[in-house]
Amino acid sequence: MFKWLRKKDKKETAEVPEEKKLLGKFKERLSRTREKLKEGLGEVFVIERNVDEKFFEELEEALITADINIDTIKRLLTPLRIRVSQGELLKTSEFKEALKAEMLKILSLEPPAFPPEARPAAIFVVGVNGVGKTTSIAKLGYRLKKSGFSVLFIAADTFRAAAIEQLENWGKRMEIPVIKQKLGADPASVVFEGLKAATSRQIDVALIDTAGRLHTKYNLMEELKKMARVAGKAVEGAPHQNILVIDATTGQNAVSQVKWFKEALPIHTLIVTKMDGTAKGGIVLTLTHLFKIPISFIGLGEKLEDLEPFDPKAFVEAIIP
Amino acid sequence: MFENLSDRLESTFKKLRGRGKLTPSDVEKGLREVRLALLEADVNFRVVKDFINRVKERALGAEVLESLTPAQQLIKIVHEELIHTLGETAVPLNLSGPKPIPILLVGLQGSGKTTTAAKLARFLKKKNLKPFLVPADVYRPAAIDQLKTLARQVGVACFDTQPDQKPVDIVKHAMAEAKAKGYDVVIIDTAGRLHIDEEMMNEVEEIKKAVEPRDVLLVADAMTGQDAVNIAKSFHEKVGLTGVVLTKVEGDARGGAALSIRAVTGCPIKFLGVGEKLDALEVFHPDRMASRILGMGDVLSLIEKAQEAFDIKKAKELEKKLKRDAFTLEDLRDQIRQMKRLGSLESIIKLIPGIGNKLKDMPFDEKELVRMEAILNSMTPQERRYPKILNASRKRRIAKGSGTTVQDVNRLLKSYEEMRKLFKQMRKKGGLQALARNLFGM
């Protein structure tokens, strides 16, 4: 859903002689995504009408389709229902703006500084299998390097076949060194060795790639705790930031993911990946509502530059066009 | 994965169970709970609507309202409709016709295609077929290496894909090689792609045209939310799916995606991915899954698993020995080895009716089994046969040899003693339950 947002950003910054022409192109590119969006939240607001029970019913359904959790829907709609009962927001267009404002209230959390101040800054990137941890690390590395930081990758996913090679591959492309051991090695020892290397090479930021683990696996979550403990032994105060990666396509299970990862490690911030699909990513609202954890970045594609700082306003505009 | 949904339904029906006859409004109330539970389980809301309507139509008929056990009746209807939605019977892979048989795996990024490809290869190898793995993902760094590594682990052949080849050429060459070398099934692992990425979707369409696969399987993450419907629909329209593999089912996702995908494409779910290990692939049985949703356990899957792993001859021997009270540490080691073959303890325990839910959060240390086997391996055959000869110095040697402590060795011996006692009791009572307790409660 976010592809068009990014294009819009570009449009604003680039020098555009013929605004109209570009807008046409832009519309064309987005027609599909737009259509999908209309199916969900847009549709409810297409025709201006009175706010009544039938409207609420449709709206609730649309919010569910966006993967927003029932509790969050209550949180969003309860204050608005009160206002409606007091004779405000009786037209859908007014209601729409008020709903956006409620969403913004939930989403407006300040993400932690990136990168954190410590040197070397040790950053753990964690999450369930297949959410895009390694790709996100590559993108973060690219971003850091472009802003002049020295970066080191630590390949602590010693479980998945070829995970180390995948990270090495990215490292090679960006000339970022990778600390690794063999497949099946103790990940905690990779972390220790990696952070020691980061210290001796005076690296600014060490990004630690961890194996994908389902949050319900007790042993794997214990392993994660151990890795964090060992990190603290290698570098004072490490890990300085723990990033949980969430796939935007995920449904309500994302709540469980955050809950259990939080039990193992303090989660400072989230990266939400695959925002370029048709999933509306409403889970973002639910997670910030329930856990008050800010979102730092969103992933918008497979290229290195496809990682954008999360912009709550743009998100709300995208979910309710 | 469905456990949460079954909890929910159970509490709903408990409320209903407390009453005698139901009124239509009671049924409505019950159905509202079911609806909410399904939505929270990520079932697409349109699919939920249809489902509820079907259940309602039947539930408001005489069979529920007139019944003396209305809740039971309602559960029965929900159960039947669940089976109906999930598909009536298990649908196997289409392995008929001339060989080699191409199978195409498609799906979004990170859904688990590569792992599934390797699991399928293992599954087919166990059925005495010769599978051939083909990495056709030239985009994700190291994806090819990943499949080649997994192929080695499974012990099957893998096409030597080069990263600069075009996917369509890769699959053509791979098919030719499979034909020449006499492989039975060609499993093609494609790159993860977004269903709205036209260029990539055209590519997968071309691949399909080039190999004319007998099966096109959508690999989908059980944690997928409402969008599962759009994803499945797009892939189905473009490449004509014949089935679905649902992955990461061992987590706590409620797996509503399964219902959604099935409802929107009509394609059967053929397999479930239930873990990271390569044997963690299960054939999908709609009726069993429906039972699991309703918390009735899945005994059939358990029995099948056990049959696959247990050596019948050895089991018979063990039975004889138990009768003679001659259960030695040697036998214990055999048992541990068989348990390890059975797969992860967690996935087994989930199948046992009534237990799955209760033990949900209990940690199972599979390393314990490895440790136990190591201790047993460090004993001499004589020691294993006559544990009585184990004195302090022997125990120290065993602890050293297995990288454990004397306490660990003692603990193992203590459990062994308890087991022997248990077997003794069992001989008296002859209970199967005691055996089950021993097998699964160590």
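- In the annotation of an unreviewed UniProt entry, chain B is listed under the name Signal recognition particle protein and assigned to Thermodesulfatator autotrophicus.
- Per UniProt, chain B carries the Sequence similarities (unreviewed entry) text "Belongs to the GTP-binding SRP family. SRP54 subfamily."

- Going by an unreviewed UniProt entry, chain A carries the name Signal recognition particle receptor FtsY and comes from Thermodesulfatator autotrophicus.
- Of the comments in the UniProt record for chain A, the one headed Sequence similarities (unreviewed entry) reads "Belongs to the GTP-binding SRP family. FtsY subfamily."

**What to know about the overall build of chain B**
For step 1, the next point in the chain: Each helix and strand counted, chain B has 21 helices and eight strands in total.
For step 2, the next point in the chain: Residues counted as buried form 53% of the 442 residues belonging to chain B.
For step 3, the next point in the chain: Looking at chain B alone, contacts between residues at least 24 apart form 74% of all its contacts between residues at least 6 apart.

**A short note on the pairing of strand 6 (residues 243–247) of chain B**
Residues and elements named next belong to chain B.
For step 1, the next point in the chain: Counted residue by residue, strand 6 has five buried out of five residues, so it is predominantly covered.
For step 2, the next point in the chain: Following the backbone out of strand 5 (residues 215–221), through helix 10 (residues 228–239) and into the adjacent parallel strand 6, one traces a crossover that is right-handed.
For step 3, the next point in the chain: Each parallel crossover has a hand, and for strand 6 linked through helix 11 (residues 256–265) to strand 7 (residues 269–273) it is right-handed.

**A closer look at empty space enclosed by the protein**
If a probe the size of a water molecule is rolled over the atoms, the empty space left behind becomes visible.
For step 1, the next point in the chain: In total, this model carries six cavities of 30 Å³ or more according to the counting rule given.
For step 2, the next point in the chain: Of the voids in this model, the largest cavity is the one considered here, and its volume is about 180 Å³.
For step 3, the next point in the chain: Looking at the largest cavity, it is lined by 23 residues, and the ones nearest its centre are T249(A), L108(B), S111(B), D221(B) and T224(B).
For step 4, the next point in the chain: Listing elements by their share of the lining of the largest cavity, those giving two or more residues are strand 5 and helix 10 of chain B.

**Quick word on the sheet that holds strand 8 (residues 307–309) of chain A**
All names here are of chain A.
For step 1, the next point in the chain: Strand order in this open sheet of eight strands is 3-2-4-1-5-6-7-8, and the pairing throughout is mixed. Edge positions in the sheet fall to strand 3 (178–179) and strand 8, since each of these pairs with one other strand and no more.
For step 2, the next point in the chain: Examined bridge by bridge, strand 1 (residues 121–126) and strand 5 (residues 241–247) share four bridges and lie parallel to one another. Opposite F124, over in strand 5, you have N242 as the bridge partner.
For step 3, the next point in the chain: Of the strands in this sheet, strand 1, strand 2 (151–156), strand 4 (205–210), strand 5, strand 6 (269–273), strand 7 (295–299) and strand 8 are in contact with helix 6 (residues 133–146), which crosses strand 4 at around 170°.
For step 4, the next point in the chain: Where helix 10 (residues 253–264) meets the sheet, its contacts fall on strand 1 and strand 5, and the angle it forms with strand 5 comes to roughly 160°.

**Section: the pairing of strand 1 (residues 101–106) of chain B**
Residue and element names in this part refer to chain B.
For step 1, the next point in the chain: Counting buried positions along strand 1 yields six of six residues, so the element is predominantly enclosed.
For step 2, the next point in the chain: Side chains I101, I103 and L105 of strand 1 all project onto a buried face; the interleaved residues P102, L104 and V106 project onto the opposite face, where all are buried too.
For step 3, the next point in the chain: Note: strand 1 against strand 4 (residues 185–190), five bridges, orientation parallel. Across the sheet, the residue bridging to L104 is I188, located in strand 4.
For step 4, the next point in the chain: As paired strands, strand 1 and strand 5 are joined by four bridges and run parallel to one another. By the bridge assignment for strand 5, L104 is matched with V216.

**Concerning unusual backbone geometry**
Residues and elements named next belong to chain A.
For step 1, the next point in the chain: Along the chain, F114 connects to P115 via a cis peptide bond; the corresponding omega equals -5°.
For step 2, the next point in the chain: Structurally, the position occupied by P115 is in the loop between helix 5 (92–107) and strand 1.
For step 3, the next point in the chain: Between R119 and the following residue, P120, the backbone shows a cis peptide bond with an omega angle of -10°.
For step 4, the next point in the chain: Along the chain, P120 falls in the loop between helix 5 and strand 1.
For step 5, the next point in the chain: In this structure, A162 takes a positive phi of about 70° despite not being glycine.
For step 6, the next point in the chain: Relative to the assigned elements, A162 resides in the loop between strand 2 and helix 7 (163–174).

**Remarks on the confidence of the model for chain B**
All names here are of chain B.
For step 1, the next point in the chain: Of all residues in chain B, 75% attain a pLDDT of 70 or more, and the chain-wide mean is 81.
For step 2, the next point in the chain: Low pLDDT, under 50, characterises residues 430–434; the predicted model gives this stretch four contacts beyond four residues in sequence or across chains.
For step 3, the next point in the chain: Taken as a whole, residues 436–442 scores under 50 in pLDDT and shows 16 contacts with residues more than four places along the chain or in a different chain.

**Points about the pattern of salt bridges**
For step 1, the next point in the chain: Applying the stated criterion across every chain, the model contains 34 salt bridges over all chains.
For step 2, the next point in the chain: As a salt-bridge pair, K100(A) and E97(A) come within 3.7 Å of each other at their nearest N and O atoms. Pair noted here: K100(A) and E97(A) are both in helix 5, with a separation of three residues, about one helical turn.
For step 3, the next point in the chain: Given a relative accessible area of 7%, K100(A) falls into the buried group.
For step 4, the next point in the chain: Note that R160(A) is salt-bridged to D157(A), the shortest N-O span being 4.0 Å.
For step 5, the next point in the chain: Residue class for R160(A) comes out partly exposed when judged on its relative accessible area of 24%.
For step 6, the next point in the chain: Taken together, the shared-partner salt bridges connect R54(B), R58(B), E80(B) and E81(B) into one network.

**Considering the UniProt feature "domain: SRP54-type proteins GTP-binding" (unreviewed entry) in chain A**
For step 1, the next point in the chain: UniProt's feature table lists "domain: SRP54-type proteins GTP-binding" (unreviewed entry) at residues 294–307 of chain A, given in the numbering used throughout.
For step 2, the next point in the chain: For residues 294–307 of chain A, the helix share is 0%, the strand share is 43%, and the end-to-end C-alpha distance is 16 Å.

**Points about the side chain of D184(B)**
Residues and elements named next belong to chain B.
For step 1, the next point in the chain: For D184, the location among the structural elements is in the loop between helix 8 (167–181) and strand 4.
For step 2, the next point in the chain: Among buried Asp, Glu, Lys and Arg side chains, D184 stands out as unpaired, with K99 the closest opposite charge at 4.2 Å.
For step 3, the next point in the chain: One polar contact links the side chain of D184 to the main-chain amide nitrogen of K130, over a distance of 2.7 Å.
For step 4, the next point in the chain: With sequence-adjacent residues up to four places away left out, D184 is seen in contact with K99, P100, I101, N128, L129 and K130.

**Description of the UniProt feature "domain: SRP54-type proteins GTP-binding" (unreviewed entry) in chain B**
For step 1, the next point in the chain: Those places that UniProt annotates as "domain: SRP54-type proteins GTP-binding" (unreviewed entry) correspond, in this numbering, to residues 268–281 of chain B.
For step 2, the next point in the chain: With 0% helix and 43% strand, residues 268–281 of chain B has its two end C-alpha atoms placed 16 Å apart.

About the criteria used
- Residues numbered from 1 in each chain as written.
- Chains lettered and ligands numbered in written order.
- Predicted model: local features only at pLDDT ≥ 70, side-chain atom pairs only at ≥ 80, totals over all residues.
- Heavy atoms only, no water.
- UniProt positions renumbered as here; feature names shortened; annotations may be inferred.
- Helix = DSSP H or I, 4+ residues; strand = E, 2+ residues; numbered from the N terminus.
- Buried < 20%, exposed > 50% of the residue type's maximum accessible area, 1.4 Å probe, protein only.
- Contact = heavy atoms within 4.5 Å.
- Right-handed = clockwise from strand over helix to strand, strands pointing away.
- 1 Å grid on protein atoms, 1.4 Å probe; cavity = no way out; pocket = protein on both sides within 12 Å on 5 of 7 lines; lining within 4 Å.
- Points joined across faces, edges and corners; volume = space filled by probe spheres on them.
- Pairing = 2+ DSSP bridges.
- Axes fitted to C-alpha atoms, helices over the stretch in contact; angles between N-to-C directions.
- pLDDT = per-residue confidence, 0-100.
- Salt bridge = Lys/Arg side-chain N within 4 Å of Asp/Glu carboxyl O.
- Lys, Arg positive; Asp, Glu negative; His and termini not counted.
- Polar contact = N/O pair within 3.5 Å; in protein donor to acceptor, adjacent residues only side chain to side chain.

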